[in-house]
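# Structural overview
One-letter residues, chain by chain:
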Amino acid sequence: MRAHAIQAGRFANCRILYSHLDNPEESLLSGTNNGKDVRGKANLKLKPDRVAMQDASAQMALLQFMTCNLPSTAVPASIHCDHMIVGEKGADADLPNSIAGNKEVFDFLESAAKKYGIEFWPPGAGIIHQSVLENYSAPGLMMLGTDSHTPNAGGLGAIAIGVGGADAVDALVDAPWELKAPKILGVRLEGELSGWASPKDVILNLAGQLTVRGGTGYLIEYFGPGVNTLSCTGMATACNMGAEVGATTSVFPFSPAHVPYLEATHRGSIARAAQQIANSPEERNLLRADSGAEYDKVITINLSTLEPHINGPFTPDLSTPLSKFKSLVEEKDWPKTFGAGLIGSCTNSSYQDMTRSEEIVKQASAAGLKPKADFFITPGSEQIRATLDRDQTLSTFAAAGGVVLANACGPCIGQWSRTDDVKKGEANAILTSYNRNFPGRNDGNRATMNFLASPELITAMTYSGSTTFNPMTDSIPTPSGKPFKFSPPKGSDLPSGGFAEGVAELQPTPGVPDPSVEVVVSPSSTRLALLDPFPAFPNSELTSLRVLYKVKGQCTTDTISAAGPWLKYKGHLPNISENTLIGAVNAATDEVNVAYDVDGTKSSIPDLAKRWKEQGQEWLVVAEHNYGEGSAREHAALQPRYLGGRIILAKSFARIHETNLKKQGIVPLTFANEADYDLLDACDEVATRGLLDVLKSGGKGEVELVVKKGGKETVIKTKHTLSEDQSAFVLAGSALNLLARNAMA
Ligand code: F3S
């Protein structure tokens, strides 16, 4: 916890965020109305306390960190091997297979962790967000995580934000990390949950109110009397799925439930420190909002009347109260049966979640019932798995036919090797207690309808196998013919016998740097490649660029760097660059991923870019509006830069991608006159005028582009948003080059 805090009343909420400003005066005054209203305007420069990385995104984060030549990370950091583990037959079979299949990536991550002093959570040790909650999150902490659901840690009073690898590197090297000051969305909780309603239903309901974009640019801050009735892990579930409404992050104030959770997870000293702050009249508002705090928007949820919800299919904001779900299924003609109920994951595998589900299973077993759909359980960590094993919760699930998967992401991230006979493209339903339900998310089948609900509701519904079953009102016939009706589930927030530790081989390795360790990257690897620093900007204008491609219409980060099968190359920049812009539409021909060289030779876009890279021909891309919208995928900036891209000239940019381009040393320019888009064609020769001066003056001045074709020159006026820092990134070749240079100085 940082001792200093912003005392001004206008920063009443999210005080934790502002207490992590690198330079409060500069941050709060930059580009704003003299600091009077910074929300949504100021670019905050922040110094997070910690970084957590999952295995898929950690690869590029570490490869970039390595180019800075530092002996260790500047802040504590952890790596969690969770995303590359398949769920199929159960943990005992699945884990060794997944480790064997991803050995070189895990070896790389482990060796880098040892060298740079990063705590390493081996495959099967747990899912990043559950491990963070159990070990690292704390009231007042600010952390970054290379995963969208990093805000899960907000359940324990931390500001935790999901970022890309290059952003994580900022924190790892102690450079300030930039964030647009979020607006504050207050969610006032009243009343108390009871019966079937669970913390999951708070966020399922909120997602319905806000929609998937309604939280964009907001920090969601929970407040009100209902907060004190929730368990710590329940609050984490609500924060976790704040990502589903696009929020920057979500946070709960310090709450009485934090104390027993911290104590049970062996962090009694933090519990006492937080309690002391909360009791102090001078400091108590460091961990909660001031009374009368101003919110940009407020939504109220009454927990006492909240119904269980089911959200989906295909989008997490299609939210339906349980009592209305049956009629919606019938109206929409959704499948009336479902093939599998999957509970657990980073979102919902707490002791409370699992014991409430266990109690449902016990009720059903006592009535002689067996699940009618497949039933999978994913514990979020080895600690929770071992505790549930000791307390016989897992044996209760197993006796009912449940399959306990590895402590890893598995089916939540598409790593589900489904063994039932559902064919690709065949409409079918599943129920999960996960957080995302986009098409193809779980089993790679875009026709699978994933409905999101609480684990206890899913467990009960699994016994009917029917999407129209409402356990609050409906009965199931037992083998004896007697109808059986579930009672509302009961569970325990925390294990009365404390948490079990788990097996020794699934414990983390402490973060102690060891310079003698060699980071393992095989030169023949197809999945990992060390990064060479990008060359610095020349001490001259760029005189002979060529237009590689003129893009027509939408160009998202997925258009620029496709996901799916390409994800396995996330640590290998040359290989993943083979997908560069493959979704882009050619403005001249309407073809997708078809480019033409100066002599008319036809090829794919990445092939032309590679050929030009070999020839030393640097290039620019011309595009339309909102270039780089979609997920903040840093590869969409890294790949063009690797292949020789210098400028992206667009009608407009998505903000995060524009920043990512500058960080990788690419200059994003917009047309001063949009109609000038029509003046450019593929293969045109382009020279910059004024760019070097702009970069050298820290972003002052304008850039013109001189287009040469048919013996004629045309001048195109452009606009840019290069700040002083960003100009320095481009001059150095990339933000990392600058960091490395500063680190050596
Ligand atoms: Fe993993 Fe799914 Fe959570 S992919 S981190 S379990 S959202």
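Please refer to the structure placed before this passage.
Predicted, not measured: the structure shown is a model, and the values here were computed from it.

### A few points about the packing of helix H13 (residues 351-366) against helix H16 (residues 455-462)
- Where H13 contacts H16, the axes come no closer than 8 Å and their chain directions differ by 20°. The angle between the axes of H13 and H16 places the two elements in the roughly parallel class. Of the two possible hands of crossing, H13 and H16 adopt the one that is right-handed. Touching Asp 353, Arg 356, Ser 357, Ile 360 and Val 361 of H13 are Pro 455, Glu 456, Thr 459 and Ala 460, all from H16.
- A per-class count over the contact of H13 with H16 returns 4 nonpolar, 2 polar and 3 charged.

### A short note on the site of the ligand
- Taken together, 14 residues are adjacent to the ligand, and Ser 345, Cys 346, Cys 409, Cys 412 and Ile 413 come closest.
- Counted by class, the shell around the ligand contains 7 nonpolar, 5 polar and 2 charged residues.
- Mapped onto the domain boundaries, the shell around the ligand takes at least three residues apiece from domain 1 (9-304) and domain 2 (309-483).

### Brief notes about the nonpolar core
- With 216 residues, the main nonpolar core has Leu 109, Leu 548, Tyr 549, Leu 620 and Ile 648 as its most contacted residues.
- If we skip the residues at most four places from it in the chain, Leu 620 touches Leu 545, Val 547, Leu 548, Gly 645, Arg 646, Ile 647, Ile 648, Leu 649 and Val 686.

### Some points on the sheet that holds strand E5 (residues 142-145)
- Spatially, 5 strands are ordered E4-E3-E2-E5-E6 in an open sheet, and the strand pairing comes out parallel. The open sheet terminates on both sides in strands that have one partner only, identified here as strand E4 (119-121) and strand E6 (159-162). With direction set aside, neighbouring strand axes in the sheet form an average angle of 20°.
- Together, strand E2 (50-54) and strand E3 (77-80) form the strand contacts of helix H3 (residues 55-66), whose direction differs from that of E2 by roughly 120°.

### Regarding the pairing of strand E30 (residues 712-719)
- Strand direction decides the pairing type here: strand E27 (residues 667-671) and E30, joined by 2 bridges, are antiparallel. Residue pairing for E30: Phe 671 is matched across the bridge by Thr 718.
- The antiparallel hairpin formed by strand E29 (residues 704-709) and E30 contains 2 residues in its connecting segment, where Gly 710 sits at a positive phi of about 55°.

### Quick notes on the packing of H3 against helix H5 (residues 103-116)
- For the pair H3 and H5, the least separation of the axes is 10 Å and the interaxial angle reads 55°. Considering their axes alone, H3 and H5 lie oblique with respect to each other. In the crossing of H3 with H5, the sense of the turn from one axis to the other is left-handed. Residues Asp 55, Ala 58, Gln 59 and Leu 62 of H3 form the contact with H5, whose own contacting residues are Val 105, Leu 109 and Ala 112.
- For the contact of H3 with H5, the per-class residue count stands at 5 nonpolar, 1 polar and 1 charged.

Rules of the game
Residues numbered from 1 in each chain as written. Predicted model: local features only at pLDDT ≥ 70, side-chain atom pairs only at ≥ 80, totals over all residues. Axes fitted to C-alpha atoms, helices over the stretch in contact; angles between N-to-C directions. Helix = DSSP H or I, 4+ residues; strand = E, 2+ residues; numbered from the N terminus. Parallel < 35°, antiparallel > 145°, perpendicular 65-115°, else oblique. Left-handed = near helix turned anticlockwise from the far one by under 90°. Contact = placed C-beta atoms within 7 Å. Nonpolar A, V, L, I, M, F, W, Y, C, P; charged D, E, K, R; others polar. Near = placed C-beta within 6 Å. Domains from an automatic or database assignment. Core = buried A, V, L, I, M, F, W, Y, C linked by C-beta atoms within 7 Å. Buried ≥ 20, exposed ≤ 12 C-beta atoms within 10 Å, placed from the backbone. Pairing = 2+ DSSP bridges.

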